[in-house]
Amino acid sequence: MTELSVSSSTRLNVLIVGGGLCGLATAISVTLAEHKATVFEAASRSHPFGSGIQSSPNGTRILSRWGMNEILEPVITVPETFQLHSLNGELVSLRENFAQEVVKKYKSPFWTVHRVDLQTGLLRRARDLGVDIHYSSRVSKVGNEGTTIQLTNGDTCRGDLVVIADGTWSALRLELFGMTANPQPTEYMCYRITVDVARVHDQELLEIVNTPQCRTWIGPGGYVVGYPIRAGRLFCLQVIVKDNSNQGDLSLGAITEELKLRFEKWDRILITMLGAVQRANKWRLVQVPPPPLETSPGEMYVLAGDCYHSLLPFLAQGLNMGLEDAATLGSLLGNVTSTTQLPKAVVMYHKLRTARAMRILEETDAYRENLQLTNGEHEKTSCKAQDLIWSYDAYKEAEVAYLTEL
Ligand SMILES: Cc1cc2nc3c(=O)[nH]c(=O)nc-3n(C[C@H](O)[C@H](O)[C@H](O)COP(=O)(O)OP(=O)(O)OC[C@H]3O[C@@H](n4cnc5c(N)ncnc54)[C@H](O)[C@@H]3O)c2cc1C
């Protein structure tokens, strides 16, 4: 068994399990707080997957603070308008100046981006900052109250704090927090398709896919959201429906045929989109049990990202919550100059993030129930949730909490 050494001329050695979006974000935040971050990722190399992702102002204000604007600028889209439609295509509301409204109100923009481009950008920033990233390094155990990790090949590594960011199917969460239940399947099936804009010839659809916008269709039978990614070269569509059947055939052709049937009574533009589909995926949404309310004193590990609070995607907050986790931890660790101060920061992190996660879980549940409401009512409730979520400034909240000692 080899003991891997992590050299640090700075203050703390922070070991991060998982090199996904949240693990990389945490590495950036911890390094900017002048500590040493080392990432252990199970995969043999960076392998981002997925399609579109939305970053609302609570997330973009963090990315901007980390110096990500220049890196992401070529690949993000800033939706200028926001349209809400009923499932049959009737326009319910139009926010024509959405981009300006958002910046005016929340002091930070709303972005859409390909998940792969975002992860590649975070990886680049982490590397520029000198973060060590070990691939093919699956962590099997966290020991000594969180100061040591063990890899499946037997190697060990000692640090001052371990951040577990190993995703929805986290094995370490089960081991450390006794959260015995695995993610539970929900009644929702999720489809993700990407439309190749170069293959679109229908005039009406061309106008839609060539306009930077966020377009949502909502009704009792389903929830659809579409927006451009890859600086407008692709248009991504997320479809969520209640469906308890088996996943069935997952080939591109089969998923497209299935969606054709689903879209039959909906806005006809959705069927037109299927004519230019580049990729399609389908999976059952799962829900992770709520995060643990207490940590034991002296434990030097924390959860971050989806393994902490995997959310159903109705409010598109999975990524943003992971960024908030990373920012909160970075802000709190910015006050820590020796390991004796670490327990206070760990307890505060947990209190702040569990409270926030529980609140967002409540809002997600309320939003999901309100999908049944008539359109006007639905809009009112979603604006309330939006204010609460988008106005959150993770750095400010953590600074205030640290100063007032909660
Ligand atoms: C298709 C799709 C669309 C989404 N859209 C949005 C959106 O619009 N807005 C939004 O805010 N969120 C969205 N989300 C959610 C968002 O992508 C997730 O919340 C986010 O990826 C979580 O990041 P994470 O780092 O916690 O987990 P992951 O990205 O799952 O990363 C976990 C990493 O840990 C590694 N790992 C696992 N076990 C170990 C181990 N034992 N040792 C070492 N490494 C390990 C894995 O290989 C993986 O790289 C979407 C998710 C999906 C799948």
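Position labels on residues start from 1 in each chain and follow its written sequence. Only residues with pLDDT of 70 or above have their local features reported here, since the model is predicted, and side-chain atom pairs are shown and tallied only from 80 upward, although totals for entire chains, interfaces and linings are computed over all residues. With hydrogens and water stripped out, all remaining heavy atoms of the structure feed into the side-chain values.

Here we take up the packing of aromatic side chains. Whether two aromatic rings pair depends on their centres lying within 6.5 Å, for rings of Phe, Tyr and Trp, where Trp uses its six-membered ring; planes under 30 degrees apart make the pair stacked, over 60 edge-to-face, and the rest tilted. Overall, the coordinates contain ten aromatic pairs when judged by the stated rule. Here the aromatic rings of phenylalanine 98 and phenylalanine 110 are separated by 5.5 Å at their centres, their planes lie at 70 degrees, and the arrangement is edge-to-face. Placement of phenylalanine 98 in helix α4 (residues 98-106) and of phenylalanine 110 in the loop between α4 and β7 (111-114) is noted, with a sequence separation of twelve residues between them. Exposure is judged per residue with a 1.4 Å probe applied to protein chains only, and the accessible area is read against the type maximum: over 50% gives exposed, under 20% gives buried, and values in between give partly exposed. Phenylalanine 98 gets classed as buried once you look at its relative accessible area, which sits at 0%. You can call phenylalanine 110 buried: its relative accessible area is 5%. Note on phenylalanine 98 and tryptophan 390: the rings are 6.3 Å apart at their centroids and 70 degrees apart in plane angle, and the pair reads as edge-to-face. A residue pair is termed long-range when its members are at least 10 positions apart, and phenylalanine 98 in helix α4 and tryptophan 390 in helix α13 (residues 375-390) qualify at 292 residues. Strands are runs of DSSP state E lasting at least two residues, helices are runs of H or I lasting at least four, and both sets are numbered from the N terminus onward.

We call a residue near a given molecule or strand whenever any one of its heavy atoms falls within 4 Å of it. The environment of the ligand is made up of 29 residues, and the closest members are Glu41, Gln54, Arg115, Asp306 and Leu319. Within the backbone of leucine 21, an N or O atom sits 3.3 Å from an oxygen atom of the ligand. Contact between the ligand and glycine 318: an oxygen atom at 3.1 Å from a main-chain N or O atom of the residue. Contact with the protein chains removes 85% of the 1000 Å² of surface that the ligand exposes when unbound. For the shell around the ligand, the class distribution of residues is twelve nonpolar, eleven polar and six charged. In terms of domain composition, the shell around the ligand takes at least three residues from each of domain 1 (3-82 + 91-180 + 297-404) and domain 2 (184-287). Pairs of N or O atoms within 3.5 Å make up the polar contacts considered here, provided that, within protein, one atom can donate a hydrogen while the other can accept it, and that residues adjacent in sequence are counted only when both atoms are side-chain atoms. The method behind every accessible area is Shrake-Rupley, applied with a 1.4 Å probe, and residues are considered shielded solely by the protein chains displayed. Polarity classes work like this: nonpolar for Ala, Val, Leu, Ile, Met, Phe, Trp, Tyr, Cys and Pro, charged for Asp, Glu, Lys and Arg, and polar for all others, with Gly in that last group. Boundary definitions for the domains trace back to an automatic or database domain assignment.

Attention now moves to the pattern of salt bridges. Salt bridges are defined by distance alone: a side-chain nitrogen of Lys or Arg within 4 Å of a carboxyl oxygen of Asp or Glu. Taken as a whole and judged by the stated rule, the model has 15 salt bridges. The salt bridge partner of arginine 353 is aspartate 325, with a shortest N-O separation of 2.5 Å. You can see arginine 353 sitting in helix α12 (residues 342-370) and its partner aspartate 325 sitting in helix α11 (residues 318-333), a full 28 residues away along the chain. Here glutamate 363 makes a salt bridge to arginine 359, at a shortest N to O gap of 2.8 Å. In this pair, glutamate 363 and arginine 359 are both assigned in helix α12, four residues apart and thus about one turn of the helix distant. For arginine 359, a relative accessible area of 33% corresponds to the partly exposed category. The structure contains a network of salt bridges with shared partners spanning Glu324, Asp325, Arg353 and Arg356.

To continue, consider unusual backbone geometry. Non-glycine residue glutamate 34 carries a positive phi angle of around 70 degrees. The residue glutamate 34 is located in the loop between α1 (21-32) and β3 (36-40) in this model. On the basis of relative accessible area, glutamate 34 is assigned to the exposed category, the value being 52%.

Our focus in this paragraph is the UniProt feature "domain: FAD-binding" (unreviewed entry) in the protein chain. Mapped onto the present numbering, the UniProt feature "domain: FAD-binding" (unreviewed entry) falls at residues 302-363. In residues 302-363, the share of helix is 68% and the share of strand is 3%. The end C-alpha atoms are 24 Å apart. UniProt positions are given in the numbering used here, feature names are shortened, and annotations may be inferred rather than shown by experiment.

Let us look at the state of the cysteines. Whenever a pair of cysteine sulfur atoms sits within 2.5 Å, that pair is classed as a disulfide. Enumeration over the complete set of coordinates arrives at zero disulfides. We note that cysteine 190 lacks a disulfide partner, and the nearest cysteine sulfur, in cysteine 236, lies 10.0 Å from it. Exposure remark for cysteine 190: the relative accessible area of 0% places this residue in the buried category. Relative accessible area serves as the criterion here: at 0%, cysteine 236 is assigned to the buried category.

Turning our eyes to something else, we now look at the packing of helix α2 (residues 57-65) against α11. Angular values range over 0 to 180 degrees, each being the angle between N-to-C directions of two axes fitted as lines to C-alpha atoms, with helices fitted over their stretch in contact. Where α2 meets α11, the axes come as close as 8 Å, and the angle between the chain directions of the two elements is 45 degrees. Overall, the two elements α2 and α11 adopt an arrangement that is oblique. Along this stretch, α2 crosses α11, giving a crossing that reads as left-handed. Two secondary-structure elements touch here, α2 through Asn58, Gly59, Ile62 and Leu63 and α11 through Asn320, Leu323, Glu324 and Ala327. Any angle from 65 to 115 degrees is called roughly perpendicular, while one under 35 is roughly parallel, one over 145 is roughly antiparallel, and all others are oblique. Here is the rule for handedness: rotate from the far helix to the near one, and if that takes an anticlockwise turn smaller than a right angle the crossing is left-handed, while a clockwise turn gives right-handed. Note on contacts: a residue pair is in contact if any heavy atoms of the two residues lie within 4.5 Å.

What follows is about the nonpolar core. Core analysis: the largest hydrophobic core is formed by 70 residues, its most contacted members being Leu63, Trp66, Leu118, Val142, Ile149, Ile164 and Leu333. Buried residues of nine kinds, namely Ala, Val, Leu, Ile, Met, Phe, Trp, Tyr and Cys, make up a nonpolar core once their side-chain atoms join them within 4.5 Å. Among the nonpolar cores identified, the runner-up in size contains 30 residues, and Ile218, Tyr223, Ile240 and Ile360 belong to it.

It is worth spelling out the sheet that holds strand β12 (residues 161-164) at this point. The five strands lie next to each other as β8-β3-β2-β12-β18, forming an open sheet whose pairing is parallel. Looking at strand neighbours, the two that pair on one side only are β8 (132-134) and β18 (301-303), the edges of this open sheet. Across the sheet, the mean angle from the axis of one strand to that of its neighbour is 20 degrees, orientation sign disregarded. Whether two strands pair comes down to DSSP finding at least two bridges between them. Pairing of β12 with β18, which is carried by three bridges, proceeds in the parallel orientation. In the sheet register, valine 163 faces β18, and the bridge partner there is valine 302. Its contacts with the sheet place α12 against β12 and β18, and it is angled at close to 20 degrees to β18.

Now for the environment of valine 302. Note that valine 302 resides in strand β18. The class of valine 302 is buried, set by a relative accessible area of 4%. Not counting residues within four places of it along the chain, the set of residues in contact with valine 302 comprises Val162, Val163, Ile164, Leu329, Val346 and Tyr349.

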